[in-house]
2 protein chains.
Amino acid sequence: MRREGVPEPVVRRLPRYFSLLDRLSEQGVVSTSSESLGQELGISAAQIRRDFSFFGEFGRRGHGYPVEELKKGIAHILGTDLRRSLILIGVGDQGQALLRHFDFEKYGFTVACAFDIDPARIGTEINGIIVYDGARLEEIVSARVPKVAALCVPPDAAQALVDRLTPLGLRCFWNFSGRPLRSDRMDVHFADVDFADSLLALRYSMEQYETDL
Amino acid sequence: MRREGVPEPVVRRLPRYFSLLDRLSEQGVVSTSSESLGQELGISAAQIRRDFSFFGEFGRRGHGYPVEELKKGIAHILGTDLRRSLILIGVGDQGQALLRHFDFEKYGFTVACAFDIDPARIGTEINGIIVYDGARLEEIVSARVPKVAALCVPPDAAQALVDRLTPLGLRCFWNFSGRPLRSDRMDVHFADVDFADSLLALRYSMEQYETDL
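Student: Would you mind going over the nonpolar core with me for this structure?
Tutor: The tendency in soluble globular proteins is for nonpolar side chains to be buried side by side. In this structure, A:Trp174, A:Phe195, B:Trp174 and B:Phe195 are the most contacted members of the largest nonpolar core, which totals 102 residues. Each residue touching B:Phe195, except ones within four places of it in the same chain, is listed here: A:Gln94, A:Leu98, A:Phe102, A:Trp174, A:Phe176, A:Val193, A:Phe195, B:Gln94 and B:Phe176.

Student: I would appreciate a short explanation of the packing of helix α2 (residues 34-41) of chain A against helix α3 (residues 45-53) of chain A in the present structure.
Tutor: Angle between the axes and distance between the axes are the two parameters that describe a pair of packed helices. Residues and elements named next belong to chain A. Closest axis-to-axis distance for the α2/α3 pair is 8 Å, and the angle between their directions is 110°. Here α3 runs roughly perpendicular to α2, going by the angle between their axes. For the crossing formed where α2 meets α3, the hand is right-handed. Across from Ser34, Glu35, Leu37 and Gly38 in α2, the residues of α3 making contact are Ala45, Ile48, Arg49 and Phe52.

Student: Can you help me understand the sheet that holds strand β6 (residues 129-133) of chain A in this one?
Tutor: By way of backbone hydrogen bonds, the strands of a sheet pair with one another, either parallel or antiparallel. Residue and element names in this part refer to chain A. Strands sit in the order β5-β6-β4-β3-β7-β8-β9 across an open sheet of seven strands; the sheet is mixed. Across the chains shown, the open sheet's two edge strands, defined by having one partner strand only, are β5 (125-126) and β9 (189-192). Sheet topology places strand β4 (residues 109-116) next to β6; three bridges connect them, and they run parallel. Each bridged residue has a counterpart across the sheet, and for Ala114 the counterpart in β6 is Val131. Most of the contacts of helix α7 (residues 155-165) go to strand β7 (residues 148-151), to which it runs at about 165°, and overall it touches β3 (84-89), β7, β8 (172-175) and β9.

Student: Would you mind going over the interface of chain A and chain B with me for this structure?
Tutor: As a measure of interface size, the accessible area lost when the parts come together is often cited. Listed as interface residues are 61 residues of chain A and, on the opposing side, 61 residues of chain B. Between chain A and chain B, roughly 5500 Å² of surface is buried when both sides are summed, and carbon and sulfur atoms account for 63% of that area. On inspection of chain A and its partner chain B, the count reaches four salt bridges. Notably, a salt bridge pairs B:Glu40 with A:Arg182, separated by 3.1 Å at the nearest N-O pair. For the pair chain A and chain B, the number of links is 17 residue pairs in polar contact (both at pLDDT 80 or more).

The rules we used
Residues numbered from 1 in each chain as written. Chains lettered and ligands numbered in written order. Predicted model: local features only at pLDDT ≥ 70, side-chain atom pairs only at ≥ 80, totals over all residues. Heavy atoms only, no water. Core = buried A, V, L, I, M, F, W, Y, C linked by side-chain atoms within 4.5 Å. Buried < 20%, exposed > 50% of the residue type's maximum accessible area, 1.4 Å probe, protein only. Contact = heavy atoms within 4.5 Å. Axes fitted to C-alpha atoms, helices over the stretch in contact; angles between N-to-C directions. Helix = DSSP H or I, 4+ residues; strand = E, 2+ residues; numbered from the N terminus. Parallel < 35°, antiparallel > 145°, perpendicular 65-115°, else oblique. Left-handed = near helix turned anticlockwise from the far one by under 90°. Pairing = 2+ DSSP bridges. Buried area = accessible area lost by both parts, 1.4 Å probe. Salt bridge = Lys/Arg side-chain N within 4 Å of Asp/Glu carboxyl O. Polar contact = N/O pair within 3.5 Å; in protein donor to acceptor, adjacent residues only side chain to side chain.

What follows is the structure, encoded as structure tokens:
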């Protein structure tokens, strides 16, 4: 399955396809249609068929898409069929929420360990994950070479961690700090989880509607 | 300031403009340029000038944009200059993370109260917010008529809450459950905070890069 030439908007829809197919699979659904997927996601059936056509043949026309096969195909495109190592930095409420409730395995990740600078948290275990002293970041990261760091630290602390982790070989940052991050390297990737963005979008829809009344 | 005829993509960029301007304002920056905003956000300066032109005149050509005025203008468009009431449902790790660390006020919200069904949490106070028994949802919501509900509950519990809260007048749902939600009403809005989406996008970039090596 090749990934070249897949337009960016298609790639951006893949996670939503994956999550929906995963849920259907859990519910025991065996096959589905572009119409039913489209309705669920608010995307046209034609768009979905076009998107899927970039990745070769999933199912036959008139017979629907086989849920499990389609899910596996998309997982392969996304790369989640390979297991990668991740570290989590900052085990405050947000970090703990992820360690306790986020299904890292489903998305092809293993949490190697966590870090914090609060002495009360260092040495504890959260959902089986050991929390190390942030001062030992270099030593432990160099030995394990994780692929991704989830940054669950306050806004002011995030950029310094990127600058510290990049020379150690970290290239991907899942950013919960609420502050945009940067790197001079072209091969460093960031994914921001910005709560404010979605709340502000909701706010806009709300005020819009009230204005129209 | 009118909102009609503002294209959807422009609206979607507003929260990011607001957050950046808010940060510049906190740093004491008085005026800024479309070039500098663009560089910070990865958007072209021309695009930013076009976006801002939808909302009338902010500043004069060659003199830069006044940060505070621009921030206030965007806040007005987004509606965050009015204070609205919000309730939060589910004070597990995620709910607690929001109550403790998210700056609701900055985005024009007051958290009225929280709800949970865990007896150990009912009656406690988190950052000054009282946690009520979920069984009292109808009684308390009817009296206060909040605008937005933040749903920090497990995936399986979220849709039932939408179905329960919509008849009480709730129209906006900030959804942390990880499950897409729906309503038959056209005036009900959802904003999903989906952690998996951003992690999967990061994953794709990462595998893409490794493949290219």
